[in-house]
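# Results of the structural survey
These are the residues of each chain, in order.
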Amino acid sequence: MKSNLKAHIQGGQTPSGKVRVSGAKNASTRLLSAALIADETVTLNNFPTELVDARYKMDFIEKCGGKVTVDEKLESVTVNPAEYKDIELGDYNYPIRTTYLLVAGLIKRSGIARIPYPGGCKIGDRGYDLHMMVWQQLGATVTEKPDYIEVSAPNGFQPGEINFPISTIGGTENALISASIVDGETIIKNAYISPEVDSLIQFLRTLGAKIDVVGNSFIRVVGAKYLRGSIFQVMPDRIEAITWIVYGIISGGRITVEDVPFDTMEIPLIHLKHMGIDLYRNDKNVIVSPECLTNGQIQPFELACGTHPGIISDMQPFYTMLGLHANGKSRIFDYRYPERLKYCGELNKFYDNALTWTPGAITVEGGKGITGADAQSTDLRGSMAVVIAGLLAQGNSTIHNVEMALRGYNNMEQKLRNLGVTITVE
Ligand SMILES: CC(=O)N[C@H]1[C@@H](OP(=O)(O)OP(=O)(O)OC[C@H]2O[C@@H](n3ccc(=O)[nH]c3=O)[C@H](O)[C@@H]2O)O[C@H](CO)[C@@H](O)[C@@H]1O
Ligand SMILES: C=C(OP(=O)(O)O)C(=O)O
C-alpha cells in the first residue's frame, strides 16, 4: 500500500453532478473479518473494493491462507476461508483498527491467533483491553508479544458472559463474532448496537448463529461449530454520505448524493435543518444546491458528537466545516473522542485561525476567507476535511499523507472527477 501520498489541489472548483455513496467502511471491513468464521464461501456485495483499509485486511487474510476474490466492476468480494490458518508473519505492521476481529477465524481453525496490534486513527486514547477481556471470558489465554497479540484457545472458545464497562462498538463486534463460533450460549451485556453492528448481527444470522437482542444492549448468542456461507449486501456509508452533503452545501455546488442511508442518520440531518439547510430528497437520494440554504446562509449552531443515534465522532470534522462557513460563532463538543482535534490546526492554515479548542470543545468563528495552504493529514476524516478546504480555497494547496483519507473514501479521486473537480494524487 502506498504511503506519503500528496494531493495537489487547485482551489476554487465548484462541484456539479452525481456522487454515489459506497458500501460502509465500518460495515464492510467487519463483515470481511466475520466471513472468516464461515465453513463455506461468503460473497459481500456493494463492497468498497478500493478502500485502503479493506485492502490491508485482505492482505492479512491472504497471507494466512484465506482466498479473497475481488470484482471491482461488480463491487463484490468473495471470501473462501477454508485455508485461513494461524501463520507467524514476518511483518505485523498494519495501520488498521479492527485487527482484533481477525482472531475468531484463526481460533476456529488453529486454536491460536497471532494478530497485529490495533492501529487506526490517532484520535485519542483507544485501548484494546476490552478485546482481551472478550477472549479471556471465552476461555482463551492472551499474551502481548513485542510484535503481535497472541490468543490461545487450543479447544476453541467456550461459552461465557461478557459485561462491557463502557459502550464499545469494536468490543461488541468482537464479542459477536467470537461467540458465533461457540457451540453454546454466550451473553453480552452493555453491548453497543450501531447500524453497522446491527448489520453484522444480520450477517452472522445468515451464517447460522442464533442471536437474540433485548432492548439495545443485551445480546444472547448461540453459535455453532459449522457455519454456512452467505451472500450479503454491505450497507451504504453514513459518514461518507454526510461528507458529500456537507461538501455540496459549503461549496455552493449542485450535486446529487445517491444511496444515502437516511434511516441511520436522522439526528445528523435534523441538525442540518436547524442550521437553515433544507435538503431536497426522496427515498435514497438527496439534491444539494444553493437553494437549500433557506436564508441564503448557514446559521451558526451548537451541537455535541457522541454515540448513535446522535452525530458520531467520525462526522465531527464535517460539522466543523459547516461552522467555518456559517454566519457567526458555532460550538462543537465531542464527548466520545475529546482529543479528536489535531485536524483543527491544519484547517486553521486555510481559514485564518478561525478555530480555537480545548479537549472536547471546538469554537468556530464562521465566515472568514479561505486561502490555499500546505497541510498535513492528521487522521482519516481530518484528511478529507483538509482536501475539501483545498478545493474551496483561493489558490493552490498541497495535502500530505492523503492516503489517510483513502482509508475511508472509496474511489475518492474518481468520485470527485465525476463531480467535475480534479485533484492530483501522487
Ligand atoms: C469498531 C468500530 O466501529 N469502531 C469505531 C469506534 O472506534 P473504537 O473501536 O475505537 O471505538 P469503540 O467503540 O470500540 O471504543 C469506544 C471507547 O472505548 C475505549 N475502548 C475500546 C476498546 C477497548 O478494548 N478498550 C477501550 O478502552 C476506546 O478507547 C474508546 O474510548 O469509534 C470510532 C470513532 O467514532 C470509529 O471511527 C470507529 O470506526
Ligand atoms: C477513526 C476512524 O476509523 P478507525 O477506527 O478505523 O481508525 C474513522 O473511520 O473515522
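Residues numbered from 1 in each chain as written. Chains lettered and ligands numbered in written order. Predicted model: local features only at pLDDT ≥ 70, side-chain atom pairs only at ≥ 80, totals over all residues. Heavy atoms only, no water.

Stated precisely, the cut-off is as follows: UniProt positions are given in the numbering used here, feature names are shortened, and annotations may be inferred rather than shown by experiment.
The name that an unreviewed UniProt entry assigns to the protein is UDP-N-acetylglucosamine 1-carboxyvinyltransferase, with the source organism given as Mucilaginibacter aquatilis. The Catalytic activity (unreviewed entry) field of the UniProt record for the protein holds the comment "phosphoenolpyruvate + UDP-N-acetyl-alpha-D-glucosamine = UDP-N-acetyl-3-O-(1-carboxyvinyl)-alpha-D-glucosamine + phosphate". As stated in UniProt under Sequence similarities (unreviewed entry), the record for the protein gives "Belongs to the EPSP synthase family. MurA subfamily."

### Overview of the overall build of the protein
Put simply, the test is: Segments assigned H or I by DSSP are reported as helices when at least four residues long, segments assigned E as strands when at least two residues long, and all are numbered from the N terminus. For a compact globule the rule gives 2.2 Å times the number of residues to the power 0.38, and the radius of gyration it is set against comes from C-alpha atoms. For every residue, the accessible area (1.4 Å probe, protein chains only) is compared with the maximum for its type, and the residue is labelled buried under 20%, exposed over 50%, or partly exposed between those bounds. Should any heavy atoms of two residues lie within 4.5 Å, those residues are counted as being in contact. Per-residue and other accessible areas follow the Shrake-Rupley method at a 1.4 Å probe size, with only the shown protein chains counted as cover for residues.
Within the protein one finds 13 helices and 24 strands. Radius of gyration (C-alpha) of the protein: 22 Å, near the 22 Å computed for a compact globule of 426 residues. Projected onto its principal axes, the C-alpha coordinates of the protein cover approximately 65 × 45 × 40 Å. Counting over 426 residues, the protein shows a buried share of 60%. Partitioning the intrachain contacts of the protein with sequence separation of at least 6 by distance along the chain shows that 72% fall at a separation of at least 24. Per element, the accessible surface of the protein, about 16300 Å² overall, is 46% carbon and sulfur.

### Focus: the site of ligand 2
Put simply, the rule reads: A single heavy atom is enough: if one lies within 4 Å of a molecule or strand, its residue is considered near that molecule or strand. Contacts described as polar in this section are N or O atom pairs within 3.5 Å, which, within protein, must combine one atom able to donate a hydrogen with one able to accept it, while residues neighboring in sequence count only if both atoms come from side chains. For this classification, the nonpolar set comprises Ala, Val, Leu, Ile, Met, Phe, Trp, Tyr, Cys and Pro, the charged set comprises Asp, Glu, Lys and Arg, and every other residue, Gly included, is treated as polar. Segment limits for the domains were obtained from an automatic or database-derived domain assignment.
Every residue near ligand 2 is listed here: Lys25, Asp53, Arg97, Gly120, Cys121, Ile123, Arg126, Asp314, Arg340, Leu380, Arg381 and Arg407. Side-chain polar atom of Asp314 to an oxygen atom of ligand 2: 3.4 Å apart, as the coordinates give it. Residues of the shell around ligand 2, tallied by class, amount to three nonpolar, one polar and eight charged. Both of domain 1 (6–22 + 236–425) and domain 2 (25–233) provide at least three residues apiece to the shell around ligand 2.

### A short note on helix 8 (residues 266–274)
Applicable threshold: The arc under discussion is defined with respect to the helix axis, by the directions toward the C-beta atoms.
For helix 8, every residue scored as buried is listed here: Pro268, Leu269 and Leu272. Along the long axis of helix 8, the arc covered by the buried residues comes to 95°, so they all point the same way. Structural note: helix 8 exposes Glu266, Lys273 and His274 on the side pointing more than 90 degrees away from its buried face. Those residues of helix 8 hidden inside the fold are in contact with helix 7 (238–251), strand 18 (311–312) and helix 9 (316–324). Of the residues trailing helix 8, Gly276 is marked for its positive phi of about 85°.

### Digging into the confidence of the model for the protein
Here is the rule: A score from 0 to 100, pLDDT tells how confident the predictor is in each residue.
Residue-level pLDDT values for the protein average 97, and 100% of them are 70 or greater. Taken over the whole predicted complex, pTM reads 0.96, whereas the ipTM for its chain interfaces reads 0.92.

### Comments concerning the domain arrangement of the protein
Where we set the bar: As a working definition, buried area equals the accessible area (1.4 Å probe) given up by two parts on being put together, with both sides summed. Any carboxyl oxygen of Asp or Glu within 4 Å of a side-chain nitrogen of Lys or Arg constitutes a salt bridge here.
What the domain assignment reports for the protein is domain 1 (6–22 + 236–425) and domain 2 (25–233). Placing a centre on the C-alpha atoms of domain 1 and another on those of domain 2 gives a separation of 31 Å. Across the contact, 24 residues belong to domain 1 and 25 residues belong to domain 2. For the pair domain 1 and domain 2, the summed buried area comes to about 2000 Å², and 48% of that belongs to carbon and sulfur atoms. When the buried surface of domain 1 facing domain 2 is broken down by residue, Tyr337, Arg407 and Asn410 rank first, second and third, together holding 33% of it. If you look at where domain 1 meets domain 2, you find three salt bridges.

### Observations concerning the sheet that holds strand 24 (residues 423–425)
Backbone hydrogen bonds hold the strands of a sheet together, and the pairing may be parallel or antiparallel. Basically, it comes down to this: Strands were regarded as paired on the criterion that DSSP finds at least two bridges between them. Throughout, an axis means a line fitted to C-alpha atoms (over the contacting stretch in the case of helices), and angles, computed between N-to-C directions, take values from 0 to 180 degrees.
Spatially, four strands are ordered 22-23-1-24 in an open sheet, and the strand pairing comes out mixed. The open sheet has two edge strands with one neighbour each: strand 22 (374–376) and strand 24. Pairwise comparison of adjacent strand axes, ignoring direction, gives a mean angle of 20° for this sheet. For strand 22 and strand 23 (residues 396–400), the ladder comprises three bridges, and the chain directions are parallel. Paired with Ala375 across the bridge in strand 23 is Ile399. In this fold helix 10 (residues 342–350) packs onto strand 22 and strand 23, with an angle of close to 170° to the strand it touches most, strand 22.

### What to know about the site of ligand 1
Around ligand 1 there are 23 residues in total, and Leu130, Thr168, Ile169, Asp314 and Tyr337 lie nearest to it. Here an oxygen atom of ligand 1 sits 3.5 Å away from a polar atom, N or O, in the main chain of Tyr128. Within the backbone of His131, an N or O atom sits 3.5 Å from an oxygen atom of ligand 1. Alone, ligand 1 offers 730 Å² of accessible surface; in the complex the protein occludes 89% of this. Classifying every residue of the shell around ligand 1 gives six nonpolar, eight polar and nine charged. Each of two domains, domain 1 (6–22 + 236–425) and domain 2 (25–233), supplies a minimum of three residues to the shell around ligand 1.

### Here's the deal with the environment of Ile249
Within the secondary structure, Ile249 is located in helix 7. Along the primary structure Ile249 and Gln136 are separated by 113 residues, whereas in three dimensions their C-alpha atoms are 48 Å apart. In contact with Ile249, other than residues within four places in its own chain, are Leu272, Ile277, Val288, Leu293, Ile298 and Leu322.

### Comments concerning the side chain of Thr243
Mapping Thr243 onto the fold places it in helix 7. Classification of Thr243 as buried rests on a relative accessible area of 0%. Not counting residues within four places of it along the chain, the set of residues in contact with Thr243 comprises Phe318, Met384, Ile388 and Tyr409.

### A few points about the sheet that holds strand 6 (residues 112–115)
The three strands lie next to each other as 6-8-7, forming an open sheet whose pairing is antiparallel. Of all the strands in the sheet, just strand 6 and strand 7 (141–144) have a single pairing partner and so form its edges. In this sheet, neighbouring strand axes are inclined to one another by 15° on average, regardless of whether the strands run parallel or antiparallel. Sheet topology note: the strand 6/strand 8 (residues 149–152) ladder contains four bridges and is antiparallel. If you follow Arg114 over to strand 8, its bridge partner there is Glu150. Packing of helix 3 (residues 103–110) onto the sheet brings it into contact with strand 6 and strand 8, and relative to strand 6 it is tilted by some 145°.

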